Amino acid sequence: MSKKQKNPFSRHFLLLLAGQTISQMGSSMTGFAVIIWAYSSTGQVMASSLLAVCSAVPYLIVSLFGGAAADRMNKKRIMLLCDTIAAAGSLVLLLCVSCNVLQLWILCAVNILSGFMNAFQGPASQVAVTLLVEEKDYARAGGLQSALGAVCGMLNPILAAALLGFGGLRLVLAVDLATFLFAFLVLLLFIRIPDTVSEGERVSLRELGRSMKEGIGFLRGQKSILLLLVMFSVLEFLGAISFDSMYSPLLLARTGNDEAVVGIVSSVAAAGGLGASLLMSVAKPPARKLRVMFAGAVMCLTGILLFGMGRSLLWWCVVVFLGCFGSPVYQTYQTVILRERVPVAMQGRIFSLQGMITQSLTPLGCLAGAALADWVFEPFMQRTGAWQTLFGRLVGTGSGAGMGLMFVFAGACGILLCLLFGASSNLRELERDNAGEAMQSR
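Note that this is a predicted model, so its numbers are computed, not measured.

Enquirer: Before we go on, may I ask you to explain the overall build of the chain in this structure?
Expert: Secondary structure assignment for the chain yields 14 helices and zero strands. Seen in sequence order, the chain has helices and strands lined up from the N terminus as α-α-α-α-α-α-α-α-α-α-α-α-α-α. Relative to the globule expectation of 22 Å for 442 residues, the C-alpha radius of gyration of the chain, 22 Å, shows essentially globular dimensions. Principal axes of the C-alpha set define a box for the chain whose edges measure 70 × 60 × 40 Å. Per-residue burial for the chain yields a buried fraction of 49% across its 442 residues. A sequence separation of at least 24 residues applies to 85% of the contacts in the chain between residues at least 6 apart.

If you want it as structure tokens, here you go:
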């Protein structure tokens, strides 16, 4: 592959990034608007939870198969096909809204379809970025992706609420379809993704099944990569049972349901992630990426620990900026290490496994965190005793103290695990300067 083709800021890469970002904004606005519609129509929180499950379960079922397909088939065609099918789902919703026949089961069916498509689209997109970016610029590309993702995360709820107020769910779906059309035409007409798949080559289901087994076999033989994914899964779970699921309830409990505090802290958190992403997009990539990855993880976990000890707006803003600054650093360099250490022909399957970990552990962690807070930690801290007095010095007393204690435990356990993983000789193999030699010829 020529150097010109793999310039991270080449026309092909930037167009791909622009198309994906705009299309994702449309999809995210639809997701936000659909949840509001489901809750307002049914009056039940379970409705929004059901939609989330309908998206996650299909992804988990076929994710590894989707990664194998991304490795053995044309990436661009996969992305175009998945985008088209997902857009067809949005079109069905638009027609149902226009005819006043939209029901919850229709939303669930469309979310199931989207979950299946995401299982193929995600790995294909990840490998496409690898093929379009120079190895030395993976971190810059990841930083740019994270920065755009952070900006979209801040703008999507505002734009979705504005569109809902102006034209209802119908307008949001129409905008979603417009963003799809833009991204589809850009990808089809203007982006060339280098590929090793021969024109006209057909891949059978048996070959894809064998490809999945190869991916599992690769992980068994690469203890350092396997250990990295194990660490990722543990830290994702710790984040899910603490900050991801309970930072808003904790703030509301500590401030007497002051929603303004939640909004301010959320904005500062987004600013922290955006700042780190922008810095990574322009900074020179470090020689020791594994150390930077661990530094980002420890920064994030320290933020979680200190967040649980907070009892003032200033404290929460400072520590949430610290923690959310570290989160994209950890996630970006973990992805960079995978791009460098995993052969391109195997990356679809490995990124699928990474996605499966996130998709499975995040909802599980959120449910576990809620159960522990309601039934264990909050009741425990409402009682009196020596342990409650001791822990009260760290997290205070009263409503929210139990959740604060969960944050402290989750952050402390995560930092300890980072120290243990960092001491592993298998994981330290990823720090070798000749990491690129482990890749197959591209």
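Now that the structure has been shown, we can carry on.
Enquirer: When you look at the packing of aromatic side chains in this model, what are you seeing that I'm missing?
Expert: Any two aromatic rings considered together are summarised by their centre-to-centre distance and by the angle between their planes. Under the counting rule described, the total for this entry stands at 13 aromatic pairs. Residues phenylalanine 243 and phenylalanine 307 carry aromatic rings whose centres are separated by 5.5 Å and whose planes lie at 85 degrees to one another, so their mutual orientation is edge-to-face. Here phenylalanine 243 is found in helix H7 (residues 223–255), whereas its partner phenylalanine 307 is found in helix H9 (residues 289–309), with 64 residues between them in sequence. Comparing phenylalanine 243 with phenylalanine 307 shows no difference in burial state: the two are buried. One aromatic cluster in this structure is built from Phe243, Tyr247, Phe307, Trp316 and Phe407. We note arginine 339 situated over the ring of tyrosine 138; from NZ or CZ to the ring centre the distance is 6.0 Å.

Enquirer: Would you mind going over the pattern of salt bridges with me for this structure?
Expert: Oppositely charged side chains can pair when the atoms bearing their charge come close. A complete count under the given rule lists five salt bridges for this structure. Its salt-bridge partner being aspartate 137, residue arginine 140 comes within 2.6 Å of it at the nearest N-O pair. Measuring nitrogen to oxygen at the nearest pair gives 3.2 Å for the salt bridge that ties glutamate 340 to lysine 289. Here glutamate 340, found in helix H10 (residues 313–341), pairs with lysine 289, found in helix H9; they are 51 residues apart in sequence, far enough to count as distant. What makes glutamate 340 buried here is its relative accessible area of 8%. One salt-bridge network, held together by shared partners, links Asp71, Glu214 and Arg349.

Enquirer: Just to check I follow, could you spell out the packing of H9 against H10 for this structure?
Expert: Relative orientation and spacing of two packed helices are given, respectively, by the angle between their axes and the distance between those axes. Interhelical geometry of H9 versus H10 gives an angle of 150 degrees and a closest axis separation of 7 Å. The angle between H9 and H10 falls in the class roughly antiparallel. Between H9 and H10 the crossing geometry is left-handed. Per-class residue counts for the contact of H9 with H10 are 20 nonpolar, seven polar and two charged.

Enquirer: Could you clarify how one ought to interpret unusual backbone geometry in this entry?
Expert: Most peptide bonds are trans, and most residues other than glycine sit at a negative phi. Its identity is not glycine, yet asparagine 100 carries a phi of approximately 60 degrees, on the positive side. Of note, asparagine 100 is situated in the loop between helix H3 (75–98) and helix H4 (104–132). Of note in this structure, asparagine 257 is not a glycine but carries a positive phi near 65 degrees. Here asparagine 257 shows up in the loop between H7 and helix H8 (259–282).

Enquirer: Can you help me understand H8 in this one?
Expert: Residues three or four positions apart in an α-helix share a direction because the helix packs 3.6 residues into each turn. Between its first and last C-alpha, H8 extends 35 Å over 24 residues, near the 34 Å set by a 1.5 Å rise per residue. In the core, the buried residues of H8 are packed alongside helix H5 (138–190), H7, H9 and H10.

Enquirer: I tried to follow the side chain of threonine 179 on my own but got confused; where do I start?
Expert: Here threonine 179 lies in helix H5. Judged by relative accessible area, threonine 179 falls into the buried class, the value being 11%. A polar contact of 2.6 Å, which involves the side chain of threonine 179, links it to the backbone oxygen of aspartate 176. When neighbours within four sequence positions are excluded, threonine 179 is seen to be in contact with Ile22, Ser23 and Gly26.

Enquirer: I'm lost on the side chain of asparagine 156 in this one. Help?
Expert: Looking at where asparagine 156 falls in the secondary structure, it is placed in helix H5. Judged by its relative accessible area of 8%, asparagine 156 falls in the buried class. In this structure asparagine 156 touches Met25, Ser28 and Met29, once residues within four positions along its chain are discounted.

Enquirer: Please clarify how the environment of leucine 17 should be interpreted in this entry.
Expert: Tracing the backbone through its elements, the reader meets leucine 17 in helix H1 (residues 11–42). C-alpha of leucine 17 to C-alpha of serine 125: the two residues are 108 residues apart in sequence and 9.9 Å apart in space. Filtering out sequence-adjacent residues up to four positions away, leucine 17 remains in contact with Leu144, Gln145 and Leu148.

Enquirer: So what exactly am I meant to see when it comes to the nonpolar core here?
Expert: Soluble, globular proteins show a tendency: their nonpolar side chains are buried together. Residues Met231, Leu251, Met293, Phe307 and Ile350 are the most contacted members of the largest nonpolar core, which totals 120 residues. When near neighbours in sequence (up to four residues on either side) are disregarded, phenylalanine 307 contacts Phe243, Tyr247, Leu250, Leu251, Val265, Trp315, Trp316, Val319, Val320 and Phe407.

Enquirer: How do you make sense of the confidence of the model for the chain when you look at a structure like this?
Expert: Should the pLDDT be low somewhere, the predicted coordinates at that spot are not to be read in detail. Here the chain averages 87 in pLDDT, and 92% of its residues register 70 or above. Scored below 50 in pLDDT, residues 1–8 makes 24 contacts in the model with residues more than four places away or belonging to other chains. Contacts for the low-pLDDT stretch residues 433–442, under 50 throughout, to residues beyond four places or in other chains number 22 contacts.

Enquirer: For this particular structure, what's the right way to read the environment of glycine 209?
Expert: Along the chain, the position of glycine 209 falls in helix H6 (residues 205–221). For glycine 209, a relative accessible area of 24% puts it in the partly exposed group. Taking the C-alpha atoms as reference, glycine 209 lies 9.6 Å from leucine 64; in sequence the two are 145 residues apart.

What counts and how
- Residues numbered from 1 in each chain as written.
- Predicted model: local features only at pLDDT ≥ 70, side-chain atom pairs only at ≥ 80, totals over all residues.
- Heavy atoms only, no water.
- Helix = DSSP H or I, 4+ residues; strand = E, 2+ residues; numbered from the N terminus.
- Rg over C-alpha atoms; globule rule 2.2 N^0.38 Å.
- Buried < 20%, exposed > 50% of the residue type's maximum accessible area, 1.4 Å probe, protein only.
- Contact = heavy atoms within 4.5 Å.
- Phe/Tyr/Trp six-rings, centres within 6.5 Å; stacked < 30°, edge-to-face > 60°.
- Lys NZ or Arg CZ within 6 Å of the ring centre and 35° of its normal.
- Salt bridge = Lys/Arg side-chain N within 4 Å of Asp/Glu carboxyl O.
- Axes fitted to C-alpha atoms, helices over the stretch in contact; angles between N-to-C directions.
- Parallel < 35°, antiparallel > 145°, perpendicular 65-115°, else oblique.
- Left-handed = near helix turned anticlockwise from the far one by under 90°.
- Nonpolar A, V, L, I, M, F, W, Y, C, P; charged D, E, K, R; others polar.
- Expected span 1.5 Å × (residues − 1).
- Polar contact = N/O pair within 3.5 Å; in protein donor to acceptor, adjacent residues only side chain to side chain.
- Core = buried A, V, L, I, M, F, W, Y, C linked by side-chain atoms within 4.5 Å.
- pLDDT = per-residue confidence, 0-100.

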